[in-house]
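Take a look at the letters that make up each chain.
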Amino acid sequence: MVPVLIVPVLNRYDLLARLILSIDHPVGVLHIIDNGGKYQNVPNDHVQDTVVWRVPDNLGAATSWNFGIIANQSAPWWLIAGNDNYFHPGALATFAAEARQDAVILSAAIPAWTAFTIGDRVITKVGLFDDNFHPAYFEDNDYADRCQHFSVDVIQGNAKVHHDNSSTIHSDRQLFEWNHTVSFPASQSYYSWKRSANDYTAGRIDLFRRKRTAFPK
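Presented here is an overview of the structure given in this document. (Residues numbered from 1 in each chain as written. Predicted model: local features only at pLDDT ≥ 70, side-chain atom pairs only at ≥ 80, totals over all residues. Heavy atoms only, no water.)

Quick notes on the overall build of the chain
Across its full length, the chain carries eight helices and eight strands. Overall, the C-alpha framework of the chain stretches about 45 × 40 × 30 Å when taken along its three principal axes. When burial is assessed residue by residue, the chain has 52% of its 217 residues classed as buried. Accessible area for the chain stands at about 10,200 Å²; split by element, carbon and sulfur atoms hold 53% of it. Of the charged side chains in the chain, 18 are positive and 22 negative; the average position of the first set lies 5 Å away from that of the second. (Helix = DSSP H or I, 4+ residues; strand = E, 2+ residues; numbered from the N terminus. Buried < 20%, exposed > 50% of the residue type's maximum accessible area, 1.4 Å probe, protein only. Areas by Shrake-Rupley, 256 points an atom, 1.4 Å probe, with all protein chains shown as cover. Lys, Arg positive; Asp, Glu negative; His and termini not counted. Charge placed at Lys NZ, Arg CZ, Asp CG, Glu CD.)

Have a look at this one:
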C-alpha cells in the first residue's frame, strides 16, 4: 500500500482527474492540496480516503509538499506527485515496493522528481523542503544537494510515470510570463546563493519574498 499520496494542484484539473483515474494500487490517503479551489471529486476504489485542502492563496510546490507531510506525519513515507502526471500500470506497486524510510526514491520519468517517495527518516536528517522556493522550481535541486550533504540516498527508481512538463504555467499566459520574468529567476538566484553559501538548511520562511514572487491571481 501507498500510505499517503500528496498531490498539489493549481489548474488543469482535467490532468488531476487523469492522475486519480490512473491509480491502480491501494492508497491509504490521497491528499490533494487544492491551490486553485476548483477540485471536484473523482472517485477511485483503490483510494481509501481522500482529503482535500482548499487554500485561499497558492502555497506553491515546496510548501504544499510540506503541508501534506505534516498533515500525515504518522506515515512511514510519502509519495509526492504533480497533478500533471499519471501512473503507468503497476507504477504505484513499484513505488510501494521500492520506498524506504531512509531514502528518496525517484520515478523513472523526466524529470525524475516529478514523482518520488520520501521517508520519515529523511525528514529527520534533512528537514522539510525550503518554503522560499516559491511558487516553484529549484526546490528539488536544493533538496538533492541537502540529501547529499547529509549522506541520504537519492535513488533512481523503476516506477514509470508520464509527465506533461510545466503544464501549470503553460496553460495560463499570465502565469507563464510571470514565471519567466519574476518567479523562476528569483528561485534560480536563491538556489545559487544557497549553493555559494553552503546553506543546507530548510531556510527561514520569508513572507515578503513569497508575496513578491507569488503568481498573480
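Side note on the packing of aromatic side chains
Under the criterion given, the structure shown has 13 aromatic pairs. Between Phe-133 and Tyr-190 the ring centres are 4.8 Å apart and the planes differ by 55°, which places this aromatic pair in the tilted class. Linking Phe-133 in the loop between helix H4 (120-126) and helix H5 (139-149) with Tyr-190 in helix H7 (residues 173-196), this pair joins segments that are 57 residues apart in sequence. (Phe/Tyr/Trp six-rings, centres within 6.5 Å; stacked < 30°, edge-to-face > 60°.)

Looking at the sheet that holds strand E4 (residues 77-81)
Strands sit in the order E3-E2-E1-E4-E7-E6-E8-E5 across an open sheet of eight strands; the sheet is mixed. Unpaired on one side and paired on the other, strand E3 (47-54) and strand E5 (85-87) mark the two borders of the sheet. Across the sheet, the mean angle separating the axes of adjacent strands is 30° when strand polarity is ignored. Pairing between strand E1 (residues 2-9) and strand E2 (residues 27-34): seven bridges, direction parallel. (Pairing = 2+ DSSP bridges. Axes fitted to C-alpha atoms, helices over the stretch in contact; angles between N-to-C directions.)

A few points about unusual backbone geometry
Along the chain, Ile-110 connects to Pro-111 via a cis peptide bond; the corresponding omega equals -5°. Relative to the helices and strands, Pro-111 resides in the loop between strand E6 (103-108) and strand E7 (115-119). In this chain, His-134 is followed by Pro-135 through a cis amide linkage whose omega measures 0°. By the secondary structure assignment, Pro-135 is in the loop between H4 and H5. Positive phi, normally seen in glycine, also occurs at Ser-151, with a value near 55°. Structurally, Ser-151 can be placed in the loop between H5 and strand E8 (153-163). The phi dihedral of Ser-166 falls on the positive side, at around 55°, and the residue is not glycine. Its location among the elements puts Ser-166 in the loop between E8 and helix H6 (167-170). Among the residues examined, Ser-166 registers a relative accessible area of 16% and is labelled buried.

Concerning the nonpolar core
In this structure, Leu-5, Leu-16, Leu-79, Phe-87 and Phe-95 are the most contacted members of the largest nonpolar core, which totals 27 residues. Residue assignment for this core shows that the elements contributing at least two residues are E1, helix H1 (13-21), E2, E4, helix H3 (91-98) and E8. When neighbours within four sequence positions are excluded, Leu-79 is seen to be in contact with Val-2, Val-4, Leu-5, Ile-6, Phe-87, Leu-92, Phe-95, Phe-116 and Thr-117. Ranked by size, the runner-up nonpolar core spans 26 residues in total, among them Ile-80, Val-104, Leu-106 and Ile-118. (Core = buried A, V, L, I, M, F, W, Y, C linked by side-chain atoms within 4.5 Å. Contact = heavy atoms within 4.5 Å.)

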